[in-house]
Amino acid sequence: MEQRTTTSARTSSGAGLGAALKPRQLTMMGLGSAIGAGLFIGSGAGIQAAGPAVLISYLVAGTLIILVMWALGEMAAANPDSGAFSVYTARAFGPTAGATVGWLWWVQLVVVIAAEALGAAALLASIFPALPVWLMAFVFIAVLTAVNLTRVKNFGEFEFWFALLKVAAIVGFLLVGAALLFGWIPGVPSPGLANFTGAGFAPSGFAGIATALFVVAFAFGGTEIVSVAAAETEEPARSVRKAVRTVLWRILVFYIGAIFIIAAVVPVGSAGLKSPFAAVLDAAGMPGAATAITLVAVAALLSALNANLYGASRMAFSLAERGEAPRALAFVSKGQVPVVAVLSSVAFGVVTAVLEVAFPDKVLPVLLNIVGSTSLLVWTSALLAQLALRLRADRDGTVLPLRMAGFPWLTGIGLLILAAIFTVGFIGEDSRPQLLSTFVLVAVLAVANWLHHRTAKTGSGNGPDGVSSPDQAKAPVLVD
């Protein structure tokens, strides 16, 4: 087969959108998406489960995310598309599989939009009790919806500064933590590395490390947004290649560095693990640590809300372009924004937030339990699609602008790690219902999409690769 390079390929799913995201924005988006409230607040749960040995859990989970990002980067560089892994899954395994993954991710994001808005509002209310939680939540949603309704460069700039704030907070924390451990802070004794010695390193043994692996894997959720944003980036192949290579090592440095410091300073069983970053800063004698970390966590949640609304709208747009969703969702404004897709995505989040405010702890926990393991399935689909498409590309002699090294062994390692996480999840009594609920959702979506394709008219144009329009069929793709 004739070789070809697709360094600037852009499917019709991205043709109606802009290309205004800059490489620096994509790179910072990839880094910032991995640094969220799950790290600033939720990291204590992993340490509580495994002790300092949680570092092993983070190394394994971080390795998984690096492999997933590398696989997605390879496919996105060759074929930038706002449907990203949904499109790649469709090309690898057919339109039903692709649409199921796309709708699964969309449902997750719109549910989480409500959770993030209410979570950010609740954190801010802990500092300013006079502010009503419900009012702040809807202000956050309204402001970030407005950002997403303007040109994509505005979204990119918001995400850039959100991510820069989180990165700056992590760097500052690492510097303070290092000074604390080395005893460089006047009047504050170093805690040393006593927590890492003897039985205290892994108080719950291998079972604790395995349990923590299931917990910490979700801290990396959202990194797949980079593959979606690639379709609206200048010089997508070069931008994705740079973003992937830059983000890979920084994720491990920031995560492993921060968790190492927390595990060294805050002992297992300490109440400080409820807000581990604040506990370390308090130990360093820094006043106002809890307030500062709370504000950073608010920014992290708002950043995630902003990115999730963007991702949900682009996935809905892509599904509509492929005939997998109502055609109205593919409407693009003069500013090259899928307005209907944005409004439809945020509407679901608003309704969920209203119901949660009206019936506290009755709606959102149930929905979050259903979509709780969605990221694991999305990562699985990404690795499986990359495995299938890369084998096909190598067989056909297709030249790829970014190639995942160590193929297929590294892809296989990623799938093995995911299999281990699923196994741990099914063994755990608390996590099993979450996984089962997510699998039921997948089954429902798969059946609905299968019936949709079954009843579609013969001349609809949907082919075996999930491409629905003649323009898309002509677009350069990873493989024929």
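Computed from a predicted structure; not experimentally measured. Sequence positions are assigned chain by chain, starting from 1 and proceeding in written order. Local features in a predicted model are, by the rule used here, given only for residues with pLDDT of at least 70; side-chain atom pairs are given and counted only at 80 or more, and totals for whole chains, interfaces and linings are based on all residues. The basis for every side-chain value is the complete set of heavy atoms in the structure, and neither hydrogens nor water enter the calculation.

### Some thoughts on the overall build of the protein
- Across its full length, the protein holds 20 helices and zero strands.
- Against the compact-globule benchmark of 23 Å for 480 residues, the protein has a radius of gyration of 22 Å, which places it among compact chains.
- Considered along the principal axes of its C-alpha atoms, the protein spans approximately 75 × 50 × 40 Å.
- Each of the 480 residues in the protein was classed as buried or not, and the buried ones make up 57%.
- Contacts: residue pairs with any heavy atoms within 4.5 Å of one another. For the protein, long-range pairs separated by at least 24 residues make up 81% of all intrachain contacts whose partners lie at least 6 apart in sequence.
- Surface summary for the protein: the accessible area is close to 18400 Å², and the carbon and sulfur share equals 70%.
- Positive: Lys, Arg. Negative: Asp, Glu. His and the chain ends are not part of the count. To locate a charge, take NZ of a lysine, CZ of an arginine, CG of an aspartate or CD of a glutamate. The positive charge centre, built from 27 side chains, and the negative charge centre, built from 22, are 5 Å apart in the protein. The helix count covers DSSP runs of H or I at least four residues long, the strand count covers runs of E at least two residues long, and both are numbered beginning at the N terminus. Each radius of gyration reported is based on C-alpha atoms, and the globular scaling rule is 2.2 Å times the count of residues to the power 0.38. Under the scheme applied here, a residue whose accessible area is under 20% of the maximum for its type counts as buried, over 50% as exposed, and between as partly exposed, the area being computed with a 1.4 Å probe on protein chains only. What sets the accessible areas is the Shrake-Rupley method with a 1.4 Å probe; for residues, cover comes only from the shown protein chains.

### Things to note about the packing of aromatic side chains
- Aromatic pairing here means that ring centres of Phe, Tyr or Trp (its six-membered ring) are within 6.5 Å. Orientation follows from the plane angle: under 30 degrees is stacked, over 60 is edge-to-face, and everything else is tilted. Evaluation of the coordinates by the stated rule reveals 13 aromatic pairs.
- With 4.2 Å between their ring centres and 5 degrees between their planes, Phe-155 and Tyr-310 make a pair best called stacked. Placement of the pair is Phe-155 in helix H9 (residues 152-181) and Tyr-310 in helix H14 (residues 289-321), with a sequence separation of 155 residues.
- Classification of Phe-155 by relative accessible area gives buried; the value is 1%.
- For the ring pair Phe-182 and Trp-184, a centre distance of 4.8 Å and an interplane angle of 15 degrees mean the geometry is stacked. Taken individually, Phe-182 and Trp-184 each receive the classification exposed, so the pair is uniform in this respect.

### Focus on the pattern of salt bridges
- In what follows, salt bridge is the name for a side-chain nitrogen of Lys or Arg lying within 4 Å of a carboxyl oxygen of Asp or Glu. Inspection of every chain in the model, using the stated rule, returns six salt bridges.
- Residues Arg-24 and Glu-157 are paired through a salt bridge, measuring 3.0 Å at the closest nitrogen-oxygen approach. Of this pair, Arg-24 sits in helix H2 (residues 23-33) while Glu-157 sits in helix H9; the two residues are 133 residues apart in sequence, bridging distant segments of the chain.
- Of the residues examined, Arg-24 reaches a relative accessible area of 35% and is grouped as partly exposed.
- In this structure, the salt-bridge partner of Asp-394 is Arg-390, at a minimum N-O distance of 3.1 Å. One end of the pair, Asp-394, and the other, Arg-390, are both in helix H17 (residues 374-396), four residues apart, so they sit about a helical turn from each other.
- Overall, Arg-390 belongs to the buried group, its relative accessible area being 6%.
- Taken together, the shared-partner salt bridges connect Glu-74, Arg-390, Asp-394 and Arg-403 into one network.

### Some points on the environment of Arg-454
- Looking at the element boundaries, Arg-454 is found in helix H19 (residues 432-455).
- Among the residues examined, Arg-454 registers a relative accessible area of 63% and is labelled exposed.
- Sequence-wise, Arg-454 and Thr-96 are 358 residues apart; in three dimensions their C-alpha atoms are separated by 9.9 Å.

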